[in-house]
Amino acid sequence: MLMQIDIAEHRYGSLLVLDNVQFSIASGEIVCVVGPSGCGKSTLLSILGGLVQPTNGSVSYSGQSQTDCLNDLTYVFQDFALLPWLTVRENIRFVLRHHALDPATCDRKIDDVLARTGLTSFAQAFPKQLSGGMKQRVGIARALVVRPQVLLMDEPFSALDAQTRELLTADFLDLWLREKITAVHITHNLAEALTLADRIIVLSRRPGRIKKIVEVTVPKAQRLTAEGQTELVALREELWSLIKDEAVLANQEVTA
Ligand SMILES: Nc1ncnc2c1ncn2[C@@H]1O[C@H](COP(=O)(O)OP(=O)(O)OP(=O)(O)O)[C@@H](O)[C@H]1O
Ligand SMILES: [Mg+2]
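Cut-offs applied
- Residues numbered from 1 in each chain as written.
- Chains lettered and ligands numbered in written order.
- Predicted model: local features only at pLDDT ≥ 70, side-chain atom pairs only at ≥ 80, totals over all residues.
- Pairing = 2+ DSSP bridges.
- Helix = DSSP H or I, 4+ residues; strand = E, 2+ residues; numbered from the N terminus.
- Axes fitted to C-alpha atoms, helices over the stretch in contact; angles between N-to-C directions.
- Core = buried A, V, L, I, M, F, W, Y, C linked by C-beta atoms within 7 Å.
- Buried ≥ 20, exposed ≤ 12 C-beta atoms within 10 Å, placed from the backbone.
- Domains from an automatic or database assignment.
- Contact = placed C-beta atoms within 7 Å.
- Expected span 1.5 Å × (residues − 1).
- Near = placed C-beta within 6 Å.
- Nonpolar A, V, L, I, M, F, W, Y, C, P; charged D, E, K, R; others polar.

Enquirer: How do you make sense of the sheet that holds strand E2 (residues 15-25) when you look at a structure like this?
Expert: Each strand in a sheet pairs with another by means of backbone hydrogen bonds, the pair being arranged parallel or else antiparallel. Here we have three strands laid out as an open sheet, ordered E2-E1-E4, and antiparallel in their pairing. The open sheet has two edge strands, E2 and strand E4 (56-61), and neither has a second partner. If you compare each strand with its neighbour and ignore which way they point, the axes differ by 15 degrees on average. Examined bridge by bridge, strand E1 (residues 3-12) and E2 share nine bridges and lie antiparallel to one another. Across the sheet, Tyr12 pairs through a bridge with Leu15, a residue of E2.

Enquirer: Got a minute to help me understand the nonpolar core in this structure?
Expert: Core analysis: the largest hydrophobic core is formed by 61 residues, its most contacted members being Cys32, Val33, Ala141, Leu152, Val184, Ala197 and Ile200. Take this core: its biggest share by element is six residues, from helix H4 (residues 132-144). A domain split of this core shows at least three residues from each of domain 1 (1-63 + 151-256) and domain 2 (67-148). Contacts of Cys32, omitting those with residues within four sequence positions, involve His185, Thr187, Ala193, Leu196, Ala197 and Ile200.

Enquirer: In this structure, what is going on with H4? I would like to understand it.
Expert: Within an α-helix, residues lying three or four positions from one another point in the same direction, as the helix has 3.6 residues per turn. Helix length check: H4, at 13 residues, gives a terminal C-alpha distance of 18 Å against a target of 18 Å (1.5 Å per residue), a fit within 8%. Of all 13 residues in H4, 11 are buried, a share of seventy percent or more. For H4, the set of buried residues is Met134, Lys135, Gln136, Arg137, Val138, Gly139, Ile140, Ala141, Arg142, Ala143 and Leu144. Close packing links the buried residues of H4 with strand E5 (73-76), helix H2 (88-94), helix H3 (103-116), strand E6 (150-154) and helix H5 (162-179).

Enquirer: Is there a simple way to think about the site of ligand 1 in this case?
Expert: Taken together, Tyr12, Leu15, Val17, Ser37, Gly38, Cys39, Gly40, Lys41, Ser42, Thr43 and Arg206 make up the full set of residues adjacent to ligand 1. In terms of residue count, helix H1 (residues 41-48) provides more of the shell around ligand 1 than any other element does, three residues in total. A per-class count over the shell around ligand 1 returns four nonpolar, five polar and two charged.

Enquirer: Explain the domain arrangement of the chain here, please?
Expert: A common way to report how large an interface is uses the accessible area buried once the components associate. Taken as a whole, the chain is organised into domain 1 (1-63 + 151-256) and domain 2 (67-148). Measuring from the centre of the C-alpha atoms in domain 1 to the corresponding centre in domain 2 gives 24 Å. The partner domain 2 presents 15 residues to the 17 residues of domain 1 that form the contact. Of all elements in the fold, only E6 and H5 reach the threshold of two or more residues within the side of domain 1 that touches domain 2. The residue inventory of the side of domain 1 that touches domain 2, partitioned by class, reads 11 nonpolar, four polar and two charged.

Set out below in structure tokens:
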């Protein structure tokens, strides 16, 4: 087990945001988290990354860092968060600046991650020259260059148009098939979750409680092929029935 999450509760002041959220993450697993707006998904990710301390609970981490791991946990942000005055290569180099690496090692790591994410020919481009999809590839490359144990992704594709989102989801699946990256991936998009997840954690509306953890047993290599579809369609219906009522109620609360 790589991470064990045991959050009895998390509050912001008097606002109860997460209630009794317990699950584990195994090495090589992609855990997706779905749930209505405001139910505490980003808070959960911040707790996993150590940015927020749960008011009552703990996150334990038992990974054995590989020798080339520079950072155990890294984030991929929804808005890419690239520095506009730096090229793709320099944006990636930027995250290595605090690590005592010689320039040749830095270059090797950057070349390696550019190749793994299909960005080699974009190395000298500036963010403004890239489409949204390519920008997020850079966001992923920047998170992967440190060889993290767990990648923390907060709706990484939700700022993209539907087709680009599908392409990036398929790319990320490919990357997983090659590298078996461990990731926690927050999304509103059930198709994305069903393409990528080993397990999908369905949270209730705020305070976020685990309604169900849905296992996706279709092998990842079959997620986008015809063979896997019958089972995935059935799972989609199950997921939608779990979140539909919560989403409706959450929306009523927001507009009330
Ligand atoms: N730093 C903070 N201080 C106070 N309240 C916060 C803080 N961060 C989040 N909240 C509140 O906690 C609740 C959960 O927020 P969070 O961002 O974790 O939800 P979310 O599930 O990620 O929502 P969305 O789907 O809109 O991204 C919301 O009501 C939000 O307003
Ligand atoms: Mg959020």
